[in-house]
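# Per-entry structural report
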Amino acid sequence: MTSVLDTADLRSRVQAVLDDELAAQATVLAELGPDVDDLLAAVGELLRGGKRLRAAFLYWGARAAGLPDSPALVRLASAMELFQAAALIHDDVMDDSDTRRGMPAAHRALATRHAERGWSGDRERFGLAGAVLAGNLCLTWTDEVYATCGLPEDALARGRSVFDRMRTQLMAGQFLDVVESMRPWEGIGDAERVERAGRVIRYKSAKYTVEHPLLIGATVGGLDPAGLDALSRYGLDLGRAFQLRDDLLGVFGDPGETGKPAGDDLREGKRTVLLAHALAGSDEGGRARVESLLGRADLDGPQVDELRGRITGSGAVAVLEDEIARLAASARAALADAPHLEREAAGVLAGLVTTATARSA
């Protein structure tokens, strides 16, 4: 069955743009010699995978506003994939993740190359430095692709403020995630734990995954204020639902689908809405046991299974499933409040609600 993400052959066209962009950037870097090839390889490996959700939301946001399909629009949408690549590379550094999409994370791959060549110095530090710089390259290329996509300058100028807001808020949203990973949850109420984890979702994931790409496209396309307001509500609700599903997959997902080891989020000790509800629904002994296991890098299979059982038994999974369903319904209702959206685009955006909240990776 064809995915809604492949409507207008979008994913393959985005991949072609990214391949061409990497080839062009390789030419720019050629005068530095082969020593910088590792940076390109780190980015190229990451850009060969993914659902292309952010590109899809930008593209269909523009189409919803009445902008016709064009290579320029696809190139603009592709800028979102470079931006996500930067976020993922940096996120894996901050989380000390080993894998991404079933492959070694960029900093791990670079550290391995250091070791294979028998270089001097700390290989892990080399990997971290290279990954930070690879992510920074992606941020630079994001801006370059936006500016050179080929759409009229006045249209791009309309979308620029949302584009800039997205980039600024995501960086700060990632810092919020770091803050929450360090700031103790002991001594605060259940509602505050949920609120703090939800704030991270809003600014680290929901906005840059759905709302901002969608609004960039719709603003570039010249959508009216009422339509933009409806798409903003759609985007925020769907973005939150998407991240709640991702949190569930991070604990219960199949590694073959998620590309990450089973229970990786538990080993990292991520302070998620799922965990906040799990603590709220546990008795004192259950809370103590969860807190004693969470964040242990040496967490083994039986301990992962125990934590999963405790999280499920607390009622947290059911709470999140109910919230995902509510947010998905709210996102669909928001689309109905924007009756002047182009018909095909509105249909695709409705289909993306199901795709973004599916119970699989």
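In short, a report on the structure. (Residues numbered from 1 in each chain as written. Predicted model: local features only at pLDDT ≥ 70, side-chain atom pairs only at ≥ 80, totals over all residues. Heavy atoms only, no water.)

### Observations concerning the overall build of the protein
Note the cut-off: Only DSSP runs of H or I reaching four residues or more are called helices, and only runs of E reaching two or more are called strands; each is numbered from the N terminus. Restricting the calculation to C-alpha atoms gives the radius of gyration, and the globule rule supplies 2.2 Å times the number of residues raised to the power 0.38. Summary of the burial criterion: residues with accessible area below 20% of their type's maximum are buried, those above 50% are exposed, and those between are partly exposed, where the area comes from a 1.4 Å probe applied to protein chains only. Between two residues, a contact is recorded if the distance between any of their heavy atoms is within 4.5 Å. Only the protein chains shown count as cover for residues, and the accessible areas themselves come from Shrake-Rupley with a 1.4 Å probe.
Looking only at helices and strands, the protein features 16 helices and 2 strands. Since a compact globule built from 361 residues should have a radius of gyration of about 21 Å, the 21 Å found for the protein is in line with a globular shape. For the C-alpha atoms alone, the extent of the protein along its principal axes is close to 60 × 60 × 40 Å. Expressed as a percentage of the 361 residues in the protein, the buried residues total 52%. Considering only intrachain contacts with a sequence separation of at least 6, the fraction spanning at least 24 residues in the protein is 74%. Only carbon and sulfur atoms are counted for the fraction: they give 54% of the accessible area of the protein, which is about 15,600 Å².

### Some remarks on the pattern of salt bridges
Convention followed: Salt bridges are counted wherever a side-chain nitrogen of Lys or Arg sits within 4 Å of a carboxyl oxygen of Asp or Glu.
Across all of its chains, the model carries 37 salt bridges by this definition. The salt bridge partner of Arg-75 is Glu-21, with a shortest N-O separation of 3.2 Å. Pair noted here: Arg-75 is in helix 4 (residues 71-95) and Glu-21 is in helix 1 (residues 10-29), with a separation of 54 residues, a long-range link. The burial state of Arg-75 is the same as that of Glu-21; both residues are buried. In this structure, the salt-bridge partner of Asp-96 is Arg-108, at a minimum N-O distance of 2.7 Å. Of this pair, Asp-96 sits in the loop between helix 4 and strand 1 (99-100) while Arg-108 is found in helix 5 (residues 106-116), placing the two residues 12 residues apart along the sequence.

### Focus: the nonpolar core
Within soluble globular proteins, side chains that are nonpolar tend to cluster in buried spots. Quick note on the threshold: Buried residues of nine kinds, namely Ala, Val, Leu, Ile, Met, Phe, Trp, Tyr and Cys, make up a nonpolar core once their side-chain atoms join them within 4.5 Å.
Of all hydrophobic cores here, the largest spans 81 residues; its most connected members are Tyr-234, Leu-349 and Leu-352. Sequence-distant contacts of Leu-349, that is, excluding residues within four places in its chain, are made with Phe-57, Trp-60, Ala-64, Leu-214, Leu-231, Tyr-234 and Leu-335. Within the second largest apolar cluster, 28 residues are counted, among which are Ala-241, Val-251, Ile-311 and Ile-324.

### Focus on the packing of aromatic side chains
Put simply, the rule reads: Planes of paired rings set the category: under 30 degrees apart is stacked, over 60 is edge-to-face and the rest tilted, where pairs are Phe, Tyr or Trp rings (Trp by its six-membered ring) whose centres lie within 6.5 Å.
Evaluated as defined, the whole model comprises 5 aromatic pairs. Taken together, a centroid distance of 4.8 Å and an interplanar angle of 85 degrees make the contact between Tyr-59 and Trp-60 edge-to-face. Each member of the pair, Tyr-59 together with Trp-60, is buried. Centroid distance Trp-119 to Phe-126: 5.5 Å. Interplanar angle 90 degrees. Geometry classified as edge-to-face.

### Considering helix 14 (residues 301-313)
This is how the line gets drawn: An expected span of 1.5 Å times one less than the residue number is assigned to each helix. In this description, the arc belongs to the directions extending from the helix axis to the C-beta atoms. Any pair of N or O atoms that falls within 3.5 Å is considered a polar contact. Within protein, one atom must be able to donate a hydrogen and the other to accept it, and sequence-neighbouring residues count only if both atoms are side-chain atoms.
With 13 residues, helix 14 should reach 18 Å at 1.5 Å per residue; the first-to-last C-alpha distance of 18 Å fits that figure. Among the residues of helix 14, those classed as buried are Gln-303, Val-304, Leu-307, Arg-308 and Ile-311. Projected down its long axis, helix 14 carries its buried residues within an arc of 140 degrees, all on one side. Away from the buried face of helix 14 by more than 90 degrees, exposed residues Pro-302 and Gly-313 are located. The N-cap of helix 14, judged by a side-chain oxygen 2.9 Å from the amide nitrogen of Gln-303 a few residues on, is Asp-300.

### Points about the packing of helix 1 against helix 3 (residues 53-64)
When two helices pack together, their arrangement is given by the angle between their axes and by how far apart the axes lie. Keep this limit in mind: Inter-axis angles, ranging from 0 to 180 degrees, are taken between N-to-C directions of lines fitted to C-alpha atoms, where helices are fitted over the stretch in contact. Any angle from 65 to 115 degrees is called roughly perpendicular, while one under 35 is roughly parallel, one over 145 is roughly antiparallel, and all others are oblique. Classes in brief: Ala, Val, Leu, Ile, Met, Phe, Trp, Tyr, Cys and Pro nonpolar; Asp, Glu, Lys and Arg charged; the others, Gly included, polar.
At a closest axis distance of 11 Å, the pairing of helix 1 and helix 3 adopts a crossing angle of 110 degrees. The pairing of helix 1 with helix 3 is recorded here as roughly perpendicular in orientation. Contact with helix 1, carried on its side by Leu-10, Arg-13 and Val-14, involves Ala-55, Ala-56, Tyr-59 and Trp-60 of helix 3 and no other residues of that element. Taken together, the residues of the contact of helix 1 with helix 3 break down into 6 nonpolar, no polar and 1 charged.

### Quick look at the environment of Thr-258
Of note, Thr-258 is situated in helix 10 (residues 255-258). For Thr-258, a relative accessible area of 22% translates into the label partly exposed.

### Remarks on the environment of Thr-140
Take Thr-140: it is sitting in helix 6 (residues 123-147). In sequence terms Thr-140 and Leu-82 are 58 residues apart; their C-alpha atoms lie 9.0 Å from each other.

### Describing helix 12 (residues 273-280)
Helical geometry note: an α-helix holds 3.6 residues per turn, so side chains three or four residues apart project in the same direction. Buried residues dominate helix 12, accounting for 6 of its 8 residues. All buried positions along helix 12 are accounted for by Val-273, Leu-274, Leu-275, Ala-276, Ala-278 and Leu-279.

### Quick look at unusual backbone geometry
One non-glycine residue, Asp-9, adopts positive backbone phi at about 55 degrees. Even without a glycine there, the phi angle at Arg-101 is positive, about 55 degrees. By the element assignment, Arg-101 lies in the loop between strand 1 and strand 2 (103-104).

None of this, on its own, says anything about what the molecule does.
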